[in-house]
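# Secondary and tertiary structure notes
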Amino acid sequence: MALNIIGISALYHDSACCLVQDGKLKYAAEEERFSRLKADDAIPRMALKYCLKEAGIGINDVDCIAFYEDPAKKLGRQLWSGIWNRSDVLRKKFRPGWVEQEIRDILGYEGRIEFFDHHLSHAASSYHYSGFDNAAILTVDGVGEWATTTYGTGNGADIDLWEEVSYPHSLGLLYSTITNFLGFEVNEGEYKVMGLAPYGKPTYVNQVRQLIKILDDGKYELNLEYFDFLEESRMFTDRFAGLFGKPARVRGVSVDQEHMDIARSLQVVLEEILIDKAAYLYRKTGSENLCMAGGVALNCVANGKIIKNTPFKNLFVQPAANDAGGALGAASLAYTKLSGEPMKPGKLGHVYLGPRYEANHVRKVLESTSLRYHSFEGDQDTLVKETAARIAEGKVIGWFHGRMEFGPRSLGARSILADPRDTEMRDKINAMVKKREGFRPFAPAALDSEYRKHFDIDHESPFMLETCQVISPLELPAITHVDGSARLQTVTRNSNPRFHNLLEAFNELTGCPILLNTSFNVKGEPIVCSPEDAINCFISTNIDVLVVEDFIIDREDNELGILEWISGVMTTKYASQRNTYTFI
């Protein structure tokens, strides 16, 4: 009988669920993809339902549910900080035993529950899936229970976190505070600040350095005169605005050069600190391998600087380094605790761990509409060539195939694709498809056999977690950021055969082994999960072509069908099934 461990992260943001079966990660998904609520924090009942259905088991077959943090320790910090006293709603929410009761009531689970410290779950989510026998471990985020940064070592199955920085001192909260000051949403807009930074100059570095004091070893302290983590509308004090000599940007107001300069200055200081602390970690451990997790580890610019400016030779960053990935770490910790064995060896090779849909299901959905489509069932080669030709014509493609990715990056399963050589493509997609800020960059996906000719990086980057300089002999304006960098994804045939075939077909047609790849969603919505989600996104944007499994839908053929879909003209059967998730 298999040992079934469910890992859960929930009740703050990035709710997610995974299944580890006999030491192997089998399935994982974020709740927002099913509920369609961005950053859904609810107990992940739909994601759990998916994992159980795929495995062919029921809730009573689960040996343990592992939760990604310790609610009792977290409550202690909330009591200390005063958050608990804000309202009757929060007092009810944060009462002792609340998390366990939520798990049992919502999931109908009566079995064993294990709680693991937040940063230990982050550490395990990276180290246990890294393929390393030993490694130094660095976790950095806003805050878990108390820890905000931890330093540790992994040996075999064992993880030892031997030093930490505690709340309220936090690199993640420093970054979030400036994100808040720049008018972006906390826990959502930090990557916008990272994308904005290359447009600025580091003219505010001295001001940012006044916000944080770097201490010996792994320690640092925030200057708390500038921060207010209890204020609901902002994270900074009046002195903060005085330090930068300008008021906070109001959301919706245009971004000016000074905002760009503040973003650049923050990024420079963050990189300096992370390089310094990673170098300290190397001196303490002597390991050539570094594992990173926590929300700050999604700062792909800093990740690239760490590997280039420290003695570490190998870096593994958890692809879902945010709280969603904590579910993977909690599950692996529970498995090693219950079985006495390490997770099954091998590096996490891909994150295609979510639902996939049968061609029959897609066909029935399409047949229930007035959309005109081309079927390529049983003829993948022609489908790929037809798609590559459309991209070469300058069309924007919604690409939906196979299992959905786990984590915040679209990696060729739920992606928007386009020609990276088109000088107008970035602005077109930002304005007409993604409906987001024009300064936001797009990432390249490149063939694993060709990327070294085009990007200054000497190792594969399958998860878009490092930036590197573009050195291509081709002009690639749509994926090259203002500073000449790009956030690269390398694609292998083993990890995603159809996406690899598409890149090969585009290369054969154009001599370019690279595609622009961005997430298949619009601003404010989660990445699409189901074929119905993909069709909704296709018709509500200016995507030219939708490729969903073995079918191609061209916008130019479907003005009437799109109008009818918008009007809700589809069979009652499939309209009601949008979120029932028929999986294979």
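Residues numbered from 1 in each chain as written. Predicted model: local features only at pLDDT ≥ 70, side-chain atom pairs only at ≥ 80, totals over all residues. Heavy atoms only, no water.

## Some words on the overall build of the protein chain
Definition in use: Starting at the N terminus, helices and strands are each numbered in turn, a helix being any DSSP run of H or I of at least four residues and a strand any DSSP run of E of at least two. Each radius of gyration is computed over the set of C-alpha atoms, and the globule rule expresses the reference value as 2.2 Å times the number of residues to the power 0.38. Any two residues whose heavy atoms approach within 4.5 Å at even a single point are treated as in contact. Surface exposure here means Shrake-Rupley accessible area, sampled with a 1.4 Å probe, where a residue is shielded only by the protein chains that are shown. For the charge count, each Lys or Arg is scored as positive and each Asp or Glu as negative, with His and the chain ends excluded. By convention, the charge on Lys lies at NZ, on Arg at CZ, on Asp at CG and on Glu at CD.
When helices and strands are tallied, the protein chain shows 20 helices and 22 strands. Computed over C-alpha atoms, the radius of gyration of the protein chain comes to 23 Å, within 12% of the 25 Å expected from 2.2 N^0.38 for 584 residues, which places it in the range of a compact globule. Residue pairs at least 24 apart in sequence account for 70% of intrachain contacts in the protein chain once pairs closer than 6 positions are excluded. For the protein chain, the accessible surface area stands at approximately 22400 Å², while carbon and sulfur atoms represent 47% of it. On the protein chain, the mean spot of the 64 positive side-chain charges and the mean spot of the 80 negative ones are 1 Å from each other.

## Some details on the pattern of salt bridges
Side-chain pairs of opposite charge can arise where the charged atoms are in close proximity. Defined as follows: Each reported salt bridge corresponds to a side-chain nitrogen of Lys or Arg within 4 Å of a carboxyl oxygen of Asp or Glu.
Counted under the stated rule, the structure contains 27 salt bridges. The shortest N-O distance in the salt bridge between Asp-419 and Arg-421 comes to 2.8 Å. With a shortest N-O distance of 2.9 Å, Asp-550 and Arg-498 are connected by a salt bridge. Linking Asp-550 in the loop between strand E21 (545-548) and strand E22 (551-554) with Arg-498 in helix H17 (residues 497-510), this pair joins segments that are 52 residues apart in sequence. Residues joined by salt bridges that share partners form a network here, namely Glu-30, Glu-32 and Arg-33.

## A closer look at the confidence of the model for the protein chain
Formally: The predictor rates its confidence in each residue with pLDDT, a number between 0 and 100.
Mean pLDDT over the protein chain works out to 93, with 95% of the residues at or above the 70 mark. Note on residues 569-584: pLDDT under 50 across the span, and 40 contacts to partners over four residues away in sequence or across chains.

## Focus on the sheet that holds strand E15 (residues 414-418)
Basically, it comes down to this: Any two strands between which DSSP finds at least two bridges are classified as paired.
A sheet is described by the order of its strands in space; here eight strands give the open sequence E13-E22-E21-E14-E15-E20-E16-E19, paired in mixed fashion. One side of each edge strand has no neighbouring strand; the edge strands of this open sheet are strand E13 (374-375) and strand E19 (489-491). When E13 meets E22, the two strands line up antiparallel, connected through two bridges. Note that in E22 the partner of His-374 across the bridge is Ile-552.

## A word on the side chain of Asn-322
Test applied: Think of it in three bands: with a 1.4 Å probe and only protein chains considered, a residue is buried below 20% of the maximum accessible area for its type, exposed above 50%, and partly exposed in between.
Locating Asn-322 in the fold gives a position in the loop between strand E12 (314-317) and helix H13 (326-339). Note on Asn-322: relative accessible area 12%, which makes it buried. What Asn-322 contacts, discounting residues up to four positions off in sequence, is Asp-14, His-122, Gly-295 and Leu-298.

## As for the packing of helix H7 (residues 171-181) against helix H11 (residues 257-285)
Basically, it comes down to this: Every axis in this analysis is a line fitted to C-alpha atoms, fitted for helices over the stretch in contact. Angles between the N-to-C directions lie between 0 and 180 degrees. Just so you know how the angles are binned, under 35 degrees is roughly parallel, over 145 roughly antiparallel, 65 to 115 roughly perpendicular, and the rest oblique. Three categories are distinguished: nonpolar for Ala, Val, Leu, Ile, Met, Phe, Trp, Tyr, Cys and Pro, charged for Asp, Glu, Lys and Arg, and polar for the others, with Gly belonging to the last.
Remark: H7 packs on H11, axes separated minimally by 11 Å, with the N-to-C direction vectors making an angle of 175 degrees. Classified by the angle their axes make, H7 and H11 are roughly antiparallel. Residues Leu-171, Leu-174, Tyr-175, Ile-178 and Phe-181 of H7 pack against Ile-262, Leu-266, Gln-267, Leu-270, Ile-273 and Leu-274 of H11. Along the lines of polarity and charge, the residues of the contact of H7 with H11 split into 10 nonpolar, one polar and no charged.

## Here we look at the sheet that holds strand E3 (residues 24-30)
In a beta sheet, neighbouring strands pair by backbone hydrogen bonds and run either parallel or antiparallel. With mixed pairing, the five strands of this open sheet are ordered in space as E3-E2-E1-E4-E5. At either end of the open sheet lies a strand with only one pairing partner, and these are E3 and strand E5 (112-115). Shown here is a sheet whose adjacent strand axes are inclined to one another by a mean of 20 degrees, direction ignored. When strand E2 (residues 16-21) meets E3, the two strands line up antiparallel, connected through six bridges. The residue bridging Cys-18 from the neighbouring strand is Ala-28, located in E3. In the packing of H13 onto the sheet, contacts are made with strand E1 (4-9), E2, E3, strand E4 (64-67) and E5, and the angle to E1 comes to roughly 145 degrees.

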